[in-house]
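These are the residues of each chain, in order.
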There are 2 protein chains.
Amino acid sequence: MSKGDSTKRVILDEATEIASKVGLQGLTIGTLATRTELSKSGLFAHFRSKESLQLDVLRHARERFVDLVVRPALAAPRGERRVRALFEHWLAWCRGDVLGGGCIFTAAAAEFDDQPGPVRDLLVNDERDLADTVAQVFRTGITEGHFRAEADPYQFAQDLHGILLAYIHSARLLGDPMAEQRAARSFEALLAAAR
Amino acid sequence: MSKGDSTKRVILDEATEIASKVGLQGLTIGTLATRTELSKSGLFAHFRSKESLQLDVLRHARERFVDLVVRPALAAPRGERRVRALFEHWLAWCRGDVLGGGCIFTAAAAEFDDQPGPVRDLLVNDERDLADTVAQVFRTGITEGHFRAEADPYQFAQDLHGILLAYIHSARLLGDPMAEQRAARSFEALLAAAR
DNA sequence: GCCCAGACCGAACGATCGTGCTATAAGTTG
DNA sequence: CAACTTATAGCACGATCGTTCGGTCTGGGC
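Cut-offs used in this document
Residues numbered from 1 in each chain as written. Chains lettered and ligands numbered in written order. Predicted model: local features only at pLDDT ≥ 70, side-chain atom pairs only at ≥ 80, totals over all residues. Heavy atoms only, no water. Near = heavy atom within 4 Å. Polar contact = N/O pair within 3.5 Å; in protein donor to acceptor, adjacent residues only side chain to side chain. Helix = DSSP H or I, 4+ residues; strand = E, 2+ residues; numbered from the N terminus. Nonpolar A, V, L, I, M, F, W, Y, C, P; charged D, E, K, R; others polar. UniProt positions renumbered as here; feature names shortened; annotations may be inferred. Contact = heavy atoms within 4.5 Å. Buried area = accessible area lost by both parts, 1.4 Å probe. Salt bridge = Lys/Arg side-chain N within 4 Å of Asp/Glu carboxyl O. Buried < 20%, exposed > 50% of the residue type's maximum accessible area, 1.4 Å probe, protein only. Phe/Tyr/Trp six-rings, centres within 6.5 Å; stacked < 30°, edge-to-face > 60°.

Undergrad: Even after reading the chapter, I still don't get the protein's contact with DNA strand C, so can you show me in this structure?
TA: For DNA strand C, the set of nearby residues contains 19 residues, the closest of which are Lys50(A), Lys3(B), Ser39(B), Ser41(B) and His46(B). When the atoms of DNA strand C within 4 Å of the protein are sorted by group, sugar and phosphate make up 67%. In this structure, Lys50(A) approaches DNA strand C through a main-chain N or O atom, which is 2.5 Å from a phosphate oxygen. Among the elements of the structure, helix H2 (29-36) and helix H3 (40-44) of chain A together with helix H1 (3-26) and helix H3 (40-44) of chain B are those that each provide at least two residues to the surface near DNA strand C. Classifying every residue of the surface near DNA strand C gives four nonpolar, 11 polar and four charged.

Quick look at the structure:
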C-alpha cells in the first residue's frame, strides 16, 4: 500500500471517530488536521472537497460495519441463530464498542434526512442495503421453518431497526441503565411474534 | 403582549422550522435573520447568545409538542383509547404535519447525544418527561384493566418510541411509502402483546 | 405632546470555515 | 543514484460564523 493510502486510512479512522460524535457537518477540516497532526492543506489534498471527505467517511464506516456486524452475523447458522447474531453485533455497534460516538449512520441520517445531495444519496443507498440484508436474513429464517411463512421480512426489518434506535435513544441520550435489557426483551418479543 | 415578545415568537417559529431541517447547530443567526427579514444584530439582541437561542427553540418546540400531541391525547378517554390517541398525534408530528423537517427533538437528540452542555441537558429533561408521560398514560391503561398488570410501562415507552423512530427513518430518509402502514402494524402488535 | 425604555440597524471585530496556489520534502520506480 | 511522482507544508483568499458597540427610530405611559 502506498504512503498516501496508508495516511488516508489513518485520517479516515480519526474522521469516522470524530463524525460519530459531532456529525458529518460538525466534522471540520481544521480540527481533523489538528487531530491527525497534519497541515490543513496537506490533509485537504487527499480529498478534493469536504463533501468528498464526507462520502469517504461514510464508505469507510460502511466497511467497518460490514466487517464487524454483517459478516460475523452471516457466519452464524441460517435461521433464528443468524438473526440473533445480527442483532447482537448490531447492538454492540450501537453501544459504541467500535466508535466512541455510537452509530455514525444514525447520526448522519438525522443530519441529512432533509438535505438533498450526494451524501444523502449515498446514505440512503447504504441504509436500503442494510434493510435488504436484514430482510434477507429473516427470510432464510422462514425457509428454515423457524418463522411463520406469512411474516413480512421488511416489517421485521423496520421493527428491528426501531428496537436499535430506541436503545440508542434511551442508553446514549437518557443514560438509562435498563435500556439494553429492554432492547433484549423487545427483541425476544419480536422473535416470539414471528414464530 | 409587548412588541418584543411578538417578534420573538415570529423568530422562534421560523427558527424551529429551520432547525427541524438542518438541526440546532445548522441553524445560523445569519440565515435566520434573512428569513425573518431582520438585521443580524437586531435579531441577536433578542437572545444574548446562540446557545440561548437554541434553548429557546427547544422550549418553543416543546410547547408546540405539548399543545399538538400531549394535550389532545390526554383529552381522550383513559386507557387504550388514550394510548391510541397519543400514538396517532405523535405519528402526525413525526410525519412533518407541523414542522417541515419532521421531529426536531429526534434531530437534536442525534446532534447532542455526545456533546455535553445546557442544550443537551434541557433535551434530556424534555425526553425524560416524555418517557414519563408515555409510561403514565400506559399505566392508566393497566388500572383501567385494558393491559396486563405485569406489563412494564417504561418497556412500553421505549418500544413505542422505537416504532416512531423507525417510522421516521423509513419514511423520511428511505422514502418508503409503506413505512406508516408498518408503524401502525407494529403498534397494533405492541398493544396486542400488552393485553 | 414629551420622554424614555427598548426594539432595531449598520458596521465592524476576530475566529474559523472550505479552498486554492506554490514550493519543498519524501517516496517510488527505473 | 537519477528521475519522476506524490505527499505534505506554508500562506493567503473570500465567505461566514457568533458577537459587540454606538446610534437611530418608535411605541406607550405620564
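Having seen it, we continue.
Undergrad: When you look at the UniProt feature "DNA-binding region" (unreviewed entry) in chain A in this model, what are you seeing that I'm missing?
TA: UniProt records the feature "DNA-binding region" (unreviewed entry) at residues 28-47 of chain A, using the numbering of this structure. A helix fraction of 65% and a strand fraction of 0% characterise residues 28-47 of chain A, whose end C-alpha atoms lie 13 Å from each other.

Undergrad: What should I look at first to understand the interface of chain B and chain A in this one?
TA: A common measure of how large an interface is: the accessible area buried when the components associate. Listed by partner, the interface residues are 37 residues for chain B and 38 residues for chain A. With both chains or domains summed, chain B and chain A bury close to 3100 Å², and 52% of this area falls on carbon and sulfur atoms. On the chain B side of the contact with chain A, Gln158(B), Leu173(B) and Arg182(B) bury the most area, a combined 22% of that side's loss. Joining chain B to chain A, the criterion identifies five salt bridges. In this structure, Arg182(B) and Asp152(A) form a salt bridge, with 3.5 Å as the shortest nitrogen-oxygen distance. Along the contact surface separating chain B from chain A lie 18 residue pairs in polar contact (both at pLDDT 80 or more). Counting only elements with at least two residues in the side of chain B that touches chain A, the list comes to H1, helix H6 (104-112), helix H7 (118-143), helix H8 (153-173) and helix H9 (179-194) of chain B. Here the side of chain B that touches chain A gets 13 residues from one element, more than from any other, and that element is H8(B). Here the residues of the side of chain B that touches chain A are counted per class, giving 14 nonpolar, 11 polar and 12 charged.

Undergrad: Explanation requested: the environment of Arg48(B) in the structure shown.
TA: Residues and elements named next belong to chain B. Structurally, Arg48 is set in the loop between H3 and helix H4 (50-74). With a relative accessible area of 76%, Arg48 lands in the exposed category. Counting along the chain gives 19 residues from Arg48 to Ile29, while the straight-line C-alpha distance between them is 12 Å.

Undergrad: I keep staring at the protein's contact with DNA strand D and nothing clicks. Help me out?
TA: Residues in contact with DNA strand D amount to 17 residues; listed here are only the nearest, Lys3(A), Ser39(A), Ser41(A), His46(A) and Lys50(B). Counting only the atoms of DNA strand D within 4 Å of the protein, the fraction contributed by sugar and phosphate is 62%. Between His46(A) and DNA strand D, the recorded distance is 2.4 Å, taken from a side-chain N or O atom to a phosphate oxygen. Mapped onto the surface near DNA strand D, the elements with two or more residues apiece are helix H1 (3-26) and H3 of chain A together with H3 of chain B. Tallied by class, the residues present in the surface near DNA strand D amount to five nonpolar, nine polar and three charged.

Undergrad: I keep staring at the packing of aromatic side chains and nothing clicks. Help me out?
TA: How two aromatic rings sit relative to each other is set out by the distance from centre to centre and by the angle between their planes. One pass over the structure, following the stated rule, counts 14 aromatic pairs over all chains. Centroid distance Phe138(A) to Phe156(A): 4.3 Å. Interplanar angle 20°. Geometry classified as stacked. Separated by 18 residues along the polypeptide, Phe138(A) in helix H7 (residues 118-143) and Phe156(A) in helix H8 (residues 153-173) bring together distant segments of the chain. In this structure Phe138(A) comes out as buried when scored by relative accessible area, which is 1%. Look at Phe156(A) and you get buried, because its relative accessible area is 4%. Relative to Trp93(B), the ring of Phe65(B) has its centre 5.0 Å away and its plane inclined at 85°; by these criteria the two rings are edge-to-face. In this pair, Phe65(B) is assigned in helix H4 and Trp93(B) in helix H5 (residues 80-95), connecting sequence segments 28 residues apart.

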